Amino acid sequence: MTHRAVPDRPRRAAGSPAPVAPAPGGPLPVGPALVGPALVGPASGGPASGGSAPVDLPDRPVMAAACNDLTKVYRVAGAPVTALDGVDKDFPAGAVTTVVGPSGSGKSSLLRILALVDRPSTGSVRIRREEVGCVGIRGRRLLRRTEIGYLFQDPTANLVADLDATEQLRFAARLRGLRPDPAEVTRLLVLLGLEHRARHLPAQLSGGEQQRLAVACSVLGRPSIVIADEPTAELDSAAADRVLEAFADLGGEGVAFVVSSHDPRVVERTDHLLRLDRGRPVESW
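Summary of the structure given here. Position numbers for residues count from 1 along each chain, tracking the sequence in the order it is written. Owing to the predicted nature of the model, reporting of local features is limited to residues with pLDDT of at least 70; listing and counting of side-chain atom pairs is limited to 80 or more, with chain, interface and lining totals taken over all residues. As a convention, hydrogens and water are excluded, and side-chain values are obtained from all of the structure's heavy atoms.

Quick word on the overall build of the protein
As a reminder of what qualifies: Secondary structure is summarised from DSSP: a helix means a run of H or I of at least four residues, a strand means a run of E of at least two, and numbering begins at the N terminus for each. We call two residues in contact whenever any of their non-hydrogen atoms come within 4.5 Å of each other. Here, Shrake-Rupley sampling with a 1.4 Å probe gives the accessible areas, and only protein chains in the shown set may cover a residue.
Helix and strand content of the protein: eight helices and eleven strands. Sequence separation of at least 24 residues holds for 78% of the intrachain contacts in the protein that already meet a minimum separation of 6. Total accessible area on the protein stands at roughly 12900 Å², and carbon and sulfur atoms take up 53% of it.

Rendered as structure tokens:
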């Protein structure tokens with residue numbers, strides 16, 4: 001696969017800076033590996049079953065999410081700080097896209113915007129085919145609940161301490177507004193090699209097993225996109241490989257994974273890559 005540098009984009013005209021947003025209010029909330037439920041709590045209503053057949057992808061990739069000419073400017077101590085500057089990227093369904101770059105390059109800002117936790121200063125974001133810039137608070141909550149999953153770096157932050165593996169998946173389904181489907185719960189445990197851990201609590205699992213269980217929770221209900229913040233950073237090589245295999249297995253069912261990582265193993269196995277430097281894309285494929 002040929003890597004190509006992204007050509008310089010036209011700069012905004014002088015005197016037309018991007019709107020400046022207040023500094024972010026802190027880290028994402030800790031909870032189950034689901035952005036929407038972690039923010040809005042249990043939901044009512046929704047489909048009657050948590051399971052569905054694997055998705056047959058057409059020859060032309062379906063875009064789970066996309067951003068166009070994205071900028072993000074924070075105000076820190078009264079001065080504007082540009083976190084993202086002119087980012088364009090499509091995130092295909094059924095594929096793993098890795099976002100890389102040094103600290104301060106804008107990776108976390110991009111993940112927060114894709115997770116609908118933050119808004120861009122300018123530019124657009126689409127989840128599936130929906131432009132989310134004009135979506136109100138309730139609409140964004142609904143999208144987070146139904147279309148977005150989130151994995152934290154710390155495996156234990158993705159799980160509930162006093163629920164066993166089977167209960168974690170049932171709980172995740174309820175947070176999505178779904179009725180837990182025993183067949184789907186069993187299928188995911190088997191697919192991720194956790195069937196023998198079905199009645200184990202998180203403290204009884206290894207770090208890799210915890211993270212694979214979190215992956216399973218994040219894909220219940222077939223969200224469009226799962227965002228993973230350094231998901232292998234605290235795992236050894238063998239455990240990290242199993243998590244990456246889980247991404248590949250579940251990507252085959254149509255879920256898009258967007259992974260922020262410094263881990264070269266993740267980059268080697270990714271389908272697509274976005275490299276950021278000081279908020280600007282310097283490599284994209």
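Structural notes on the packing of aromatic side chains
What characterises a pair of aromatic rings is the spacing of the ring centres plus the angle enclosed by the ring planes. Quick note on the threshold: Centres within 6.5 Å make a pair out of two Phe, Tyr or Trp rings, where for Trp the six-membered ring is used; the pair is then stacked when the planes are under 30 degrees apart, edge-to-face when over 60, and tilted otherwise. For each residue, the accessible area found with a 1.4 Å probe, counting protein chains only, is set against the maximum for its type, and the residue is called buried under 20%, exposed over 50%, and partly exposed in between.
Going through the model one piece at a time under the given rule, you end up with two aromatic pairs. Consider the rings of Y150 and F152, whose centres lie 5.3 Å apart with planes at 50 degrees: the pair is tilted. Judged by relative accessible area, F152 falls into the buried class, the value being 12%.

A word on helix α2 (residues 107-114)
Among the eight residues of α2, seven are classified as buried, and the element is accordingly described as predominantly covered. All of the buried residues in α2 are K107, S109, L110, L111, R112, I113 and L114.

Brief notes about the nonpolar core
What counts, and what does not: Definition of nonpolar core: a set of buried residues of the types Ala, Val, Leu, Ile, Met, Phe, Trp, Tyr and Cys, connected through side-chain atoms within 4.5 Å.
Counting 36 residues, the largest nonpolar core has L169, L189, L213, F247 and F257 as its most contacted members. Those elements giving two or more residues to this core turn out to be α4 (165-175), α5 (182-191), α6 (207-219), β8 (225-229), α7 (237-251) and β9 (256-260). Among the elements that take part in this core, α7 stands out by supplying seven residues, more than any other. Residues in contact with F257, not counting those within four places in the same chain, are A95, V96, T97, V215, V219, V226, F247, L250 and G251. Grouped together as the second largest cluster of nonpolar side chains are 30 residues, V87, V132, I148 and V258 included.

Concerning the pattern of salt bridges
Test applied: Salt bridges are counted wherever a side-chain nitrogen of Lys or Arg sits within 4 Å of a carboxyl oxygen of Asp or Glu.
Applying the stated criterion across every chain, the model contains twelve salt bridges. Here R199 and D164 are joined by a salt bridge, their closest N and O atoms 3.4 Å apart. Taken together, the positions of R199 in the loop between α5 and α6 and D164 in the loop between β7 (148-151) and α4 put the pair 35 residues apart, joining distant regions of the chain. Given a relative accessible area of 7%, D164 falls into the buried group. With a shortest N-O distance of 3.6 Å, D241 and R269 are connected by a salt bridge. Taken together, the residues span a long stretch of sequence, with D241 in helix α7 and R269 in the loop between α8 (264-268) and β10 (272-277) at a distance of 28 residues. Exposure remark for D241: the relative accessible area of 25% places this residue in the partly exposed category. A cluster of three or more residues bridged by salt bridges with shared partners is formed by E184, R187, R222 and E253.

Focus on the side chain of T270
Where we set the bar: Here a polar contact is recorded for every N or O atom pair within 3.5 Å, except that within protein the pair must consist of a potential hydrogen donor and a potential acceptor, and residues adjacent in sequence are included only if both atoms are side-chain atoms.
By the element assignment, T270 lies in the loop between α8 and β10. Separated by 2.9 Å, the side chain of T270 and the backbone oxygen of V96 make a polar contact. Setting aside chain neighbours within four positions, we find T270 in contact with V96, T97, T98 and W285.

Considering the side chain of Q210
Secondary-structure assignment places Q210 in helix α6. Residue class for Q210 comes out buried when judged on its relative accessible area of 8%. Excluding anything up to four places from it in sequence, Q210 contacts P155, T156, L159, P202, A203 and L205.

Regarding the environment of V258
Relative to the assigned elements, V258 resides in strand β9. With near-sequence residues (within four places) excluded, V258 lies in contact with F91, T97, V99, L111, L114, I225, V226, I227 and A228.

A few points about the environment of E167
As for its position among the elements, E167 is in helix α4. You can call E167 partly exposed: its relative accessible area is 31%. In this structure the C-alpha to C-alpha distance between E167 and R199, which are 32 residues apart in sequence, comes to 8.2 Å.

Considerations on the pairing of strand β2 (residues 63-76)
To keep it simple, the criterion reads: Between any two strands, at least two bridges found by DSSP are needed for them to pair.
Looking at chain direction, β2 and strand β3 (residues 79-92) are connected through eleven bridges and run antiparallel. Each residue of the ladder has a partner; that of R75, found in β3, is P80. Here β2 folds back onto β3, and the loop between the two strands holds two residues, one of which, A77, carries a positive phi near 50 degrees. Summarising the sheet, β2 and strand β5 (residues 122-127) pair through five bridges and their orientation is antiparallel.

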